[in-house]
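Inside the fold
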2 protein chains.
Amino acid sequence: MGISERREREKQELREKILEKAKEILIKEGQDNLSIRNIATAIEYSPATIYLYFQDKDEIVYELMEMGFERMTSELQGAFEMTDPVERIRHIGQGYIAFGLKNPEWYDIMFNAPQPIQHLTKCQEEWGFGIQLFDFLVNTCEEAMSQDRTRKQDPRLVALHLWSTVHGLVNLSRSQRLEMVEQNNNDSLIQRTMESMLQCIFR
Amino acid sequence: MGISERREREKQELREKILEKAKEILIKEGQDNLSIRNIATAIEYSPATIYLYFQDKDEIVYELMEMGFERMTSELQGAFEMTDPVERIRHIGQGYIAFGLKNPEWYDIMFNAPQPIQHLTKCQEEWGFGIQLFDFLVNTCEEAMSQDRTRKQDPRLVALHLWSTVHGLVNLSRSQRLEMVEQNNNDSLIQRTMESMLQCIFR
DNA sequence: AAATATAATGAACAGTGTTTAGTAAAGTCA
DNA sequence: TGACTTTACTAAACACTGTTCATTATATTT
């Protein structure tokens, strides 16, 4: 029964090809130009064909989100391996911000766009990568607390404080609101703000 | 020459009507349904007419942003008048978050959407309301610092820390990423996180 | 070779922002 | 009042969007 196996493989290959082209378009032309029709012409198939491999556009965006998390995770690898918990947090923060500023389209899909979440709730799955990342941050906060590097408090709140600040900074920069109130020195301003936060949480 | 005055007045009235209906649609049907065509049918004019009163959709969104800032400013009035600088910051933060969670569409237009900013850069104007709000926050931080309620540091960085955290929290909630990592107690979680931040900045 | 199962598509639906040429109404002036 | 001009408005088109479905083409099996 090698034939049906080949067919299955070919189906998988076209699915991969769709995702690859979607990724290319996202990087080169941005989220606004990531349309079913653009993907279709890129893979030289009709738009309707894409719906034989994905139930809707949300599913494609969801897959792109997963790819984004893999990219980000690999970029943060060095930070994850830091022995000192506070240094670990500092490097994760810096890496997170750097990723967000360098890959705004990926970041948007991962942390802002409603589509991947809609896909998740539709399929009753969970936000695996995100939970993993957040839990790691919570654990690191707990570690810092056990070393008396910060005052006793709910580590989940500290983690959320850290996350929301860097998320807020990336989004304010992305949406051009930051440059509206502070013309000069965008990147270093973000760096210094995060450092200011770390100074006030950890010792 | 009362005739041309009446005409001018009538033009202004239709402009106002367009904005009023745009506001209604934004509130009742959300940003996704805020289309030129929907506004046009609501005011019982053709879509093309709207372009006689606004150069493009961005300009309408810009005007809605201004309305949003007026709404927010009036809601924050009580907070602005607090005598204690730290309490002032606390109430501004709470009000900011409450506004963002209660009026997600307004919030999006004011702090996330690229359209109003595109309109600004096109017209070489500045983000008046936003700058005003941020500068007020900076001044309040300076006041708190002069009262020795927080350690000596750049007040603009403290203000940005405060802003990015609440902005991040509102956006994480809005984009459903928060409920992905913390199922229970969304609103109070946000409150407690902000409180945790205030505790670590001010004394 | 004929029958069947699978894959791919053309065309349509309902929607988007925006432009342009043409029409209808209102104001101006002889 | 009638002719002319200015202003206000709109129908229709352009180039897009996601999605569905009946139909066609291809590949596999009998």
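Residues numbered from 1 in each chain as written. Chains lettered and ligands numbered in written order. Predicted model: local features only at pLDDT ≥ 70, side-chain atom pairs only at ≥ 80, totals over all residues. Heavy atoms only, no water.

Things to note about the domain arrangement of chain A
Residue and element names in this part refer to chain A.
- Partitioning chain A into domains gives domain 1 (1-54) and domain 2 (56-201).
- For domain 1 versus domain 2, the separation of C-alpha centres amounts to 30 Å.
- Residue-level contacts link 17 residues of domain 1 with 13 residues of domain 2.
- Between domain 1 and domain 2 lies a buried interface of about 1,300 Å² when both sides are counted; carbon and sulfur atoms form 71% of it.
- Taken as a group, Leu-26, Gln-31 and Phe-54 account for 40% of the area that domain 1 buries against domain 2, more than any other trio of residues on that side.
- Counting the contacts that link domain 1 with domain 2 gives 2 salt bridges.
- Of the charged contacts, one joins Glu-59 and Arg-15 as a salt bridge, the two residues approaching to 3.6 Å between their closest N and O atoms. (Domains from an automatic or database assignment. Contact = heavy atoms within 4.5 Å. Buried area = accessible area lost by both parts, 1.4 Å probe. Salt bridge = Lys/Arg side-chain N within 4 Å of Asp/Glu carboxyl O.)

Some remarks on the interface of chain B and chain A
- In this complex, chain B contributes 44 residues to the contact, which on the side of chain A involves 44 residues.
- Overall, the association of chain B and chain A removes approximately 3,700 Å² of surface from exposure, summing both partners, and the carbon and sulfur fraction of that is 65%.
- Three residues, Arg177(B), Met180(B) and Val181(B), lead the burial of chain B against chain A; their summed loss comes to 19% of the area buried on that side.
- Inspection of the chain B/chain A interface yields 2 salt bridges.

A look at the relation of the copies chain B and chain A
- For the pair chain B and chain A, the relating rotation is 180°, the translation along its axis is 0.0 Å, and the fit reaches an RMSD of 0.0 Å. Taken together, the turn and the small shift mark the pair as related by a two-fold rotation axis. (Least-squares fit on C-alpha atoms with pLDDT ≥ 70 in both.)

Regarding the protein's contact with DNA strand C
- Near DNA strand C there are 21 residues, and of these Thr49(A), Arg6(B), Ser35(B), Arg37(B) and Tyr51(B) occur at the shortest range.
- Each atom of DNA strand C within 4 Å of the protein was assigned to sugar, phosphate or base; sugar and phosphate come to 61%.
- One of the side-chain nitrogen or oxygen atoms of Thr49(A) is found 2.5 Å away from a phosphate oxygen of DNA strand C.
- Within the side chain of Tyr51(B), one N or O atom sits 2.6 Å away from a phosphate oxygen of DNA strand C.
- Elements with a minimum of two residues in the surface near DNA strand C: helix H1 (2-29) and helix H3 (47-50) of chain A together with helix H1 (2-29) and helix H2 (36-43) of chain B.
- A class-by-class count of the residues in the surface near DNA strand C yields 9 nonpolar, 4 polar and 8 charged. (Near = heavy atom within 4 Å. Polar contact = N/O pair within 3.5 Å; in protein donor to acceptor, adjacent residues only side chain to side chain. Helix = DSSP H or I, 4+ residues; strand = E, 2+ residues; numbered from the N terminus. Nonpolar A, V, L, I, M, F, W, Y, C, P; charged D, E, K, R; others polar.)

Some remarks on the nonpolar core
- The biggest cluster of nonpolar side chains holds 133 residues, and the ones touching the most others in it are Trp163(A) and Trp163(B).
- Broken down by element, the residue count for this core peaks at 11 residues, all from helix H4 (residues 57-80) of chain A.
- In this view, Trp163(B) contacts Leu172(A), Arg177(A), Val181(A), Tyr96(B), Phe111(B), Trp127(B), Phe134(B) and Leu137(B); residues no more than four positions away in its chain are not counted. (Core = buried A, V, L, I, M, F, W, Y, C linked by side-chain atoms within 4.5 Å. Buried < 20%, exposed > 50% of the residue type's maximum accessible area, 1.4 Å probe, protein only.)

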